[in-house]
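# Per-entry structural report
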Amino acid sequence: MAGLQQTNSEKILLSWVRQSTRNYPQVNVINFTSSWSDGLAFNALLHSHRPDLFDWNAVASQRSPVQRLDHAFNIARQHLGIEKLLDPEDVATACPDKKSILMYVTSLFQVLPQQVTMEAIREVEMLPRHSRVTREEHIQVHQQHFSQEVSCFTFLHLSCCSKVAVFHTYPISLML
């Protein structure tokens, strides 16, 4: 699977994130999917470069994942000029969309200090290629995907029935 291999730019970006969030014990970013779903990584990344913008402890301890994600996206929009490209509800899932997370983190990388050490890059290269997923997490992800497939099928079916032209159809995996 081509999606499982990290590019050099992904490794550098992940190294930058890990280096930036190293002093936040609640945060352990190992990928561009599940590591971001609780909102702590986005907030830690922002706080590590701009601690003047908010109280880390208040955000980390008193908010739900959706609230933490909304907080991070609003801080980035208000203080860094980064548009709110992601919906908190779409990220606060077992497996958020990797390309969407990469796009947003790249936007942060472009406006925040970018020093990455060789040590941080080597550390990323030593991470396991596949994160271990429990049976329950695996079932939950498949149930989510099935639900999304049914929703997508229903949308396509309704589109056809209401005479709305659908010019292109894509595999469900590309729509997720």
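Look a little higher up for the structure.
These remarks concern the structure in this document. Model, not experiment: these values are computed from the prediction.

## Brief notes about the pattern of salt bridges
- Across all of its chains, the model carries five salt bridges by this definition.
- With its nearest N and O atoms 3.1 Å apart, the salt bridge here joins Glu 10 to Lys 98. Pair noted here: Glu 10 is in helix H1 (residues 8-20) and Lys 98 is in helix H6 (residues 98-111), with a separation of 88 residues, a long-range link.
- Taking the relative accessible area as the measure of exposure, Glu 10 reaches 11% and is therefore buried.

## Let's talk about the environment of Arg 77
- Turning to its location among the elements, Arg 77 is positioned in helix H4 (residues 65-80).
- Other than its neighbours up to four places away in sequence, Arg 77 contacts Ile 82 and Lys 84.
- A polar contact of 2.8 Å, which involves the side chain of Arg 77, links it to the side chain of Asn 74.

## Quick notes on the packing of aromatic side chains
- Overall, the coordinates contain seven aromatic pairs when judged by the stated rule.
- Aromatic side chains Phe 32 and Trp 36 sit 6.3 Å apart centroid to centroid with 5 degrees between the ring planes, which places their arrangement in the stacked category. Take Phe 32 and Trp 36: they sit in the same class, and that class is buried.
- Ring geometry for Phe 73 against Tyr 104: centres 4.9 Å apart, planes inclined by 65 degrees, an arrangement best described as edge-to-face. Remark: Tyr 104 occurs in helix H6 and Phe 73 occurs in helix H4; sequence separation between them is 31 residues. There is no split in this pair, since Phe 73 and Tyr 104 are both buried.
- By the ring-pair criterion, three or more aromatic residues cluster together here, those being Phe 32, Trp 36, Phe 42, Phe 73 and Tyr 104.

What counts and what doesn't
Residues numbered from 1 in each chain as written. Predicted model: local features only at pLDDT ≥ 70, side-chain atom pairs only at ≥ 80, totals over all residues. Heavy atoms only, no water. Salt bridge = Lys/Arg side-chain N within 4 Å of Asp/Glu carboxyl O. Helix = DSSP H or I, 4+ residues; strand = E, 2+ residues; numbered from the N terminus. Buried < 20%, exposed > 50% of the residue type's maximum accessible area, 1.4 Å probe, protein only. Contact = heavy atoms within 4.5 Å. Polar contact = N/O pair within 3.5 Å; in protein donor to acceptor, adjacent residues only side chain to side chain. Phe/Tyr/Trp six-rings, centres within 6.5 Å; stacked < 30°, edge-to-face > 60°.

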